[in-house]
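# Report on the structure
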Amino acid sequence: MLFFKKKADPGQPHPDWPWTLNTGGELWPDFDTWEMVVSELRELNLEDPDSFLILEQKDPGDPKNYWFIQSAINRAGPRPGWYTVEIGWGSRQGTALWDRDVQTLEEVIPFFRAAYDRRLVNRSGFEDMSDMLG
């Protein structure tokens, strides 16, 4: 019987790639706690156009392979004041972007927690926006 290592799903956090935290454009490659992620999510605000948070991974062997989850507060559009959660990735199979708006930070946190823990991030309720990537 042959045993094969299961291929990682490019649409989910990679079990081995390191995390980088991007807060408003400031990179934290060596952040070390879940509490820092939650603290930075709580700092998101509507007044600052650069208020966003991205939890991202890149393949150390190929930076074209990546995965991320990001959030910001909508400043305009159909749901101003709501949080946007986006999940995206790039791989040899292509790139993707999925989007969902939620009303409260308490709805955002579980998506980031699953990602941080490298568990399955449930994309039900997300809209596939990949066609907007060009």
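Residues numbered from 1 in each chain as written. Predicted model: local features only at pLDDT ≥ 70, side-chain atom pairs only at ≥ 80, totals over all residues. Heavy atoms only, no water.

## Considerations on the pattern of salt bridges
Selection rule: By convention in these notes, a salt bridge is any Lys or Arg side-chain nitrogen within 4 Å of a carboxyl oxygen on Asp or Glu. The numbering of helices and of strands both runs from the N terminus, where a helix is a DSSP run of H or I of at least 4 residues and a strand a run of E of at least 2. Throughout this description, buried means an accessible area under 20% of the type-specific maximum (1.4 Å probe, protein chains only), exposed means over 50%, and partly exposed covers the range between.
Evaluation of the coordinates by the stated rule reveals four salt bridges. Notably, a salt bridge pairs Arg79 with Asp101, separated by 3.4 Å at the nearest N-O pair. In this pair, Arg79 sits in the loop between strand 4 (62-73) and strand 5 (83-91) while Asp101 sits in strand 6 (residues 94-102), placing the two residues 22 residues apart along the sequence. Owing to a relative accessible area of 37%, Arg79 belongs among the partly exposed residues under this scheme. With its nearest N and O atoms 2.9 Å apart, the salt bridge here joins Arg113 to Asp117. Salt bridges here are not isolated pairs; linked through shared partners, they connect Arg113, Asp117 and Arg119.

## Some points on helix 2 (residues 105-116)
For clarity, the cut-off: In this scheme, a helix's expected span is set at 1.5 Å multiplied by one less than its residue total. The contact criterion used is simple: two residues touch if any of their non-hydrogen atoms lie within 4.5 Å.
Taking 1.5 Å of rise per residue, 12 residues should cover 16 Å, and helix 2 covers 16 Å from first to last C-alpha, within 8% of that figure. Within the span of helix 2, buried status applies to Leu105, Val108, Ile109, Phe111, Phe112, Ala114, Ala115 and Tyr116. Next to the buried residues of helix 2 lie strand 1 (19-23), helix 1 (34-42), strand 3 (52-59), strand 4, strand 5 and strand 6. Backbone geometry just downstream of helix 2 places Arg118 in the positive-phi region, at approximately 60°.

## Let's talk about the packing of aromatic side chains
The following threshold applies: Each Phe, Tyr or Trp ring (for Trp, its six-membered ring) is paired with any other whose centre lies within 6.5 Å, and the angle between the two planes then decides the class: stacked below 30 degrees, edge-to-face above 60, tilted in between. For a ring to carry a charge above it, either NZ of a lysine or CZ of an arginine must fall within 6 Å of the ring centroid while also lying within 35 degrees of the normal to the ring plane.
Applying the stated rule across the entire model yields five aromatic pairs. With a centroid separation of 6.4 Å and an interplanar angle of 15°, the aromatic rings of Tyr66 and Phe68 are classed as stacked. Under the relative-accessibility criterion, Tyr66 is labelled partly exposed at 26%. For the ring pair Phe111 and Phe126, a centre distance of 5.2 Å and an interplane angle of 90° mean the geometry is edge-to-face. Of this pair, Phe111 sits in helix 2 while Phe126 sits in the loop between helix 2 and strand 7 (127-128); the two residues are 15 residues apart in sequence, bridging distant segments of the chain. For Phe126, a relative accessible area of 9% translates into the label buried. Taken together, the ring pairs connect Phe31, Trp34 and Tyr116 into an aromatic cluster. Over the ring of Trp82 we find Arg79, and its NZ or CZ is 5.2 Å from the ring centre. When the ring centre of Trp98 is taken as reference, the NZ or CZ atom of Arg123 above it lies at 4.7 Å.

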